[in-house]
Amino acid sequence: MFYILVSLILFGILILVAISVSFNKKETSEEPNPVLHQSGIYSIVRKTPRDQLRDVKPSTEEIRKYLEKINVNNNDLGNNNLATSEIDTYVREWHEALDRNIELIEQGDSDGISFYYYDFKPDYCEVCAGYLKRGQFVTREEIYQHPHIIPPFHIGCTCTLVAHHGETLQETTEIGMVPLFKNEIAPRLPEWRMFQQTNAVRGIV
Ligand SMILES: [Zn+2]
């Protein structure tokens, strides 16, 4: 009799557990869907790239740590490390260049810009020379899909985006511009550690 009673109690507990498990399952499956950000193509492409860039570009700390470690001026027998003021300049230039491009895209979004092309200011970038040419263009959609194509690409990079104000690309192709993407494949771009000493830091300008 005792065993039957114990078995019944255990059976009852099992049923209660089963009910609570299925109840929980039901609860979780009824969670609302995550809010969809994109309701149409324009809301997809017209979103500031600022947040996306935080994931694909190095942080101030990463850049600073890297610059503190590297040796420059290999022929110099003296101190081969960058001075703190030089590191400060590189970090400041990096953020200024990044902000300029972000603001250009934000402004372009309010102006309805669909195409951007690459240029180099003030000088041609020797590191970028092996990767992309002045005048190669990208669409706003490509920028949204691949935010890492927003310059600067590396420390000391002079590459910048320029908004293309034409209605269509016809005008662009006429002046010899070619797309950066080939068959929708993102091109290889310089790695951010590809350090280039800028004129400002070398004291030339
Ligand atoms: Zn560059």
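Worth saying up front: this structure is predicted, and the values here are computed from it rather than measured.

Draft legend 1. Examining the overall build of the protein chain more closely. Along the backbone of the protein chain there are eight helices and three strands. Along the protein chain, from the amino end to the carboxyl end, the secondary structure elements read α-α-α-α-α-β-β-α-β-α-α. A buried classification covers 19% of the 205 residues belonging to the protein chain. Within the protein chain, residue pairs in contact and separated by at least 24 positions form 78% of the contacts whose partners lie at least 6 positions apart.

Draft legend 2. The arrangement of the sheet that holds strand β2 (residues 137–139) in detail. In space, the three strands of this open sheet follow the order β2-β1-β3, with antiparallel pairing throughout. Of all strands in the sheet, those bounded by a partner on one side alone are β2 and β3 (159–164). Strand-to-strand twist in this sheet, taken as the mean axis angle between neighbours without regard to direction, amounts to 35 degrees. By the bridge criterion, six bridges tie strand β1 (residues 115–120) to β3 in an arrangement that is antiparallel. Paired with Y116 across the bridge in β3 is A163.

Draft legend 3. Highlighting helix α5 (residues 84–111). Taking 1.5 Å of rise per residue, 28 residues should cover 40 Å, and α5 covers 40 Å from first to last C-alpha, within 8% of that figure. Buried within α5 are the following residues: I87, Y90, W94, A97, N101, I105 and G108. Positive phi appears at G112, one or two residues downstream of α5, with a value of about 75 degrees.

Draft legend 4. Structural detail: the packing of helix α4 (residues 60–69) against α5. Close contact between α4 and α5 brings their axes to 10 Å; oriented N to C, the two are set at 145 degrees. Two packed elements cross with a definite hand, and for α4 against α5 that hand is right-handed. Listed contacts from α5 to T60, I63, R64, L67 and E68 of α4 are I87, Y90, V91 and W94. Residue composition of the contact of α4 with α5, grouped by class: six nonpolar, one polar and two charged.

Draft legend 5. Geometry of the nonpolar core. In this structure, Y116, C128, F137, V138, I143, C157 and C159 are the most contacted members of the largest nonpolar core, which totals 26 residues. Mapped onto this core, the elements with two or more residues apiece are α5, β1, β2 and β3. Sorting elements by how many residues they give to this core places α5 first, with five residues.

Draft legend 6. Seen up close, the environment of R92. Examined against the element boundaries, R92 turns out to sit in helix α5. Residue class for R92 comes out exposed when judged on the 12 C-beta atoms lying within 10 Å of it. Put simply, R92 and T60 are 32 residues apart on the chain and 9.1 Å apart in space, counted from C-alpha to C-alpha.

Draft legend 7. Up close: the pairing of β1. Summarising the sheet, β1 and β2 pair through three bridges and their orientation is antiparallel. Paired with Y116 across the two strands is V138, which belongs to β2.

Draft legend 8. View of unusual backbone geometry. Here K121 and P122 are connected by a cis peptide whose omega angle stands at 0 degrees. Here the bond from P151 into P152 is cis, since omega is 5 degrees, no more than 30 degrees from zero. Note on placement: P152 falls in the loop between α6 (140–145) and β3. Of note in the backbone geometry, N183 takes a positive phi value of approximately 50 degrees without being a glycine. Locating N183 in the fold gives a position in the loop between α7 (170–174) and α8 (199–202). Given 5 C-beta atoms within a 10 Å radius, N183 is considered exposed.

The rules behind these values
- Residues numbered from 1 in each chain as written.
- Predicted model: local features only at pLDDT ≥ 70, side-chain atom pairs only at ≥ 80, totals over all residues.
- Helix = DSSP H or I, 4+ residues; strand = E, 2+ residues; numbered from the N terminus.
- Buried ≥ 20, exposed ≤ 12 C-beta atoms within 10 Å, placed from the backbone.
- Contact = placed C-beta atoms within 7 Å.
- Pairing = 2+ DSSP bridges.
- Axes fitted to C-alpha atoms, helices over the stretch in contact; angles between N-to-C directions.
- Expected span 1.5 Å × (residues − 1).
- Left-handed = near helix turned anticlockwise from the far one by under 90°.
- Nonpolar A, V, L, I, M, F, W, Y, C, P; charged D, E, K, R; others polar.
- Core = buried A, V, L, I, M, F, W, Y, C linked by C-beta atoms within 7 Å.

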